[in-house]
Amino acid sequence: MQQYKVNDKVFNNIEEATVYVTTLNKAVTIQPYTPPTKASIKFNVARNMLLREMIEWAGEFVQSMSPSTDVCWMYSVEDDTGFNDAGDTYYEDCTGLTFGTNLMWEDAKHDYEGASANFDCLLGSYNEFTTVDSLSEMLNSMYHTMSDHSSETDSYIGEVRHSIKQLCANNPNIAHSYEERTRTTTISFVGNVDKMYEEFMQKLNS
């Protein structure tokens, strides 16, 4: 029997749904509705568990990239003779000083801003991933979104690779591999949906 849904109400036939729509004061859509199966419920839980892992990993990575540059390396100085150095030099006896930004500070800001922008790109819907096989694609896509960095500074690329490796080492549901020749990290789903669902329900009911 085909059911139909209007907002959050489910009807057993199109006639009942149509009658209900006539009682409303606004335009709504009648949509075919298929009740979730036990398998789809378990899959949804497993997918959401993986999404929490990845999004919170990404958020922690962004926080770890927050600039912690020493103050004296946030700026540079140049005097009227052409002498220039970072702020950790003695410049009090120099003349005609001009202060500028330091490359180390610029790199730190760029890394943090890049990580923040990548995190924002993760936000959205993942409902298109509807099969167990597609979960690896979902995970790998999320990682590579976070690893995208225009400047590819050693600090950013090294940190994100190290960070995802640690995540996978501590999560039995996500596997990590690294191809040295192409310098490519790949992560994939290696868990069991039924087991993940059971673990979640135990946690929920504890």
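Above: the structure in question.
Summary of the structure given here. Just so it is clear, the model here is predicted, and its values are computed rather than measured.

Glancing now at the overall build of the protein. A count of helical and extended segments in the protein gives 6 helices and 8 strands. Secondary structure of the protein in N-to-C order comes out as β-β-α-β-α-β-β-β-α-α-α-β-β-α. The C-alpha radius of gyration of the protein comes to 26 Å, more than 25% above the 17 Å expected for a compact globule of 206 residues. Here the C-alpha coordinates of the protein stretch approximately 90 × 45 × 40 Å along the principal axes. Expressed as a percentage of contacts within the protein between residues at least 6 apart in sequence, the contacts between residues at least 24 apart total 56%. Approximately 13200 Å² of the protein is accessible, and the part contributed by carbon and sulfur atoms is 49%. Considering the protein, the positive charge centre built from 14 side chains and the negative charge centre built from 31 side chains are found 17 Å apart.

As summarised here, the arrangement of the 3 strands in space is 5-4-6, forming an open sheet in which the pairing is antiparallel. The open sheet has two edge strands, strand 5 (84-86) and strand 6 (98-101), and neither has a second partner. The average angle at which neighbouring strand axes cross in this sheet is 25 degrees, direction not considered. Note that strand 4 (residues 75-78) and strand 5 share 3 bridges and pair antiparallel. Its bridge partner being in strand 5, V77 is matched across the sheet by D85.

Running from N to C, helix 2 (residues 38-64) and helix 4 (residues 132-147) cross one another at 10 degrees; their axes reach a closest spacing of 11 Å. In terms of orientation, helix 2 lies roughly parallel with respect to helix 4. Contacts between helix 2 and helix 4 pair F43, R47, L50, L51, M54, I55, W57, A58, F61 and V62 from the former with V132, L135, M138, L139, M142, Y143 and M146 from the latter. Tallied by class, the residues present in the contact of helix 2 with helix 4 amount to 16 nonpolar, no polar and 1 charged.

Before going further, it helps to examine the side chain of T89. Mapped onto the secondary structure, T89 falls in the loop between strand 5 and strand 6. Other than its neighbours up to four places away in sequence, T89 contacts V77 and F83.

Our next topic: the pattern of salt bridges. Within this structure, the stated rule accounts for 3 salt bridges. Residue D194 pairs with K42 through a salt bridge whose shortest N-O separation is 3.5 Å. In this pair, D194 is assigned in helix 6 (residues 193-205) and K42 in helix 2, connecting sequence segments 152 residues apart.

One non-glycine residue, N7, lies in positive phi territory at about 55 degrees. Summarising the element assignment, N7 is placed in the loop between strand 1 (3-6) and strand 2 (9-11). Notably, R183 is not glycine yet its phi reads approximately 55 degrees, a positive angle. Tracing the chain through its elements places R183 in the loop between strand 7 (174-179) and strand 8 (184-189).

Our focus in this paragraph is the sheet that holds strand 3 (residues 31-33). One open sheet holds the 3 strands; their spatial order is 2-1-3, and the pairing between them is antiparallel. Both outer strands of the open sheet, strand 2 and strand 3, are each paired with one neighbouring strand and no more. When the angles between neighbouring strand axes are averaged without regard to direction, this sheet yields 40 degrees. Alignment of strand 1 against strand 3, held across 3 bridges, turns out to be antiparallel. In the strand pairing of strand 3, Q3 is matched with Y33. The strands that helix 1 (residues 14-22) touches are strand 1 and strand 2; relative to strand 1, the one it contacts most, it runs at about 15 degrees.

Linking two cysteines covalently through their sulfur atoms gives a disulfide. The full count for this structure, using the stated rule, is 0 disulfides. This cysteine, C94, is not joined by any disulfide, and C72 carries the nearest cysteine sulfur, 16 Å off.

Now for helix 6. It helps to recall that an α-helix has 3.6 residues per turn; residues three or four apart then point in one direction. Compared with the 18 Å implied by 1.5 Å per residue over 13 residues, the 18 Å span of helix 6 between its first and last C-alpha is a close match. Here helix 6 has its buried residues at V193, M196 and Y197. Considered in projection along helix 6, the buried side chains sweep an arc of 100 degrees and stay on one side of the axis. Of the exposed residues in helix 6, the ones pointing more than 90 degrees away from its buried face are K195, Q202 and N205.

Cut-offs and rules
Residues numbered from 1 in each chain as written. Predicted model: local features only at pLDDT ≥ 70, side-chain atom pairs only at ≥ 80, totals over all residues. Heavy atoms only, no water. Helix = DSSP H or I, 4+ residues; strand = E, 2+ residues; numbered from the N terminus. Rg over C-alpha atoms; globule rule 2.2 N^0.38 Å. Contact = heavy atoms within 4.5 Å. Areas by Shrake-Rupley, 256 points an atom, 1.4 Å probe, with all protein chains shown as cover. Lys, Arg positive; Asp, Glu negative; His and termini not counted. Charge placed at Lys NZ, Arg CZ, Asp CG, Glu CD. Pairing = 2+ DSSP bridges. Axes fitted to C-alpha atoms, helices over the stretch in contact; angles between N-to-C directions. Parallel < 35°, antiparallel > 145°, perpendicular 65-115°, else oblique. Nonpolar A, V, L, I, M, F, W, Y, C, P; charged D, E, K, R; others polar. Salt bridge = Lys/Arg side-chain N within 4 Å of Asp/Glu carboxyl O. Disulfide = S-S within 2.5 Å. Expected span 1.5 Å × (residues − 1). Buried < 20%, exposed > 50% of the residue type's maximum accessible area, 1.4 Å probe, protein only. Arc of directions from axis to C-beta.

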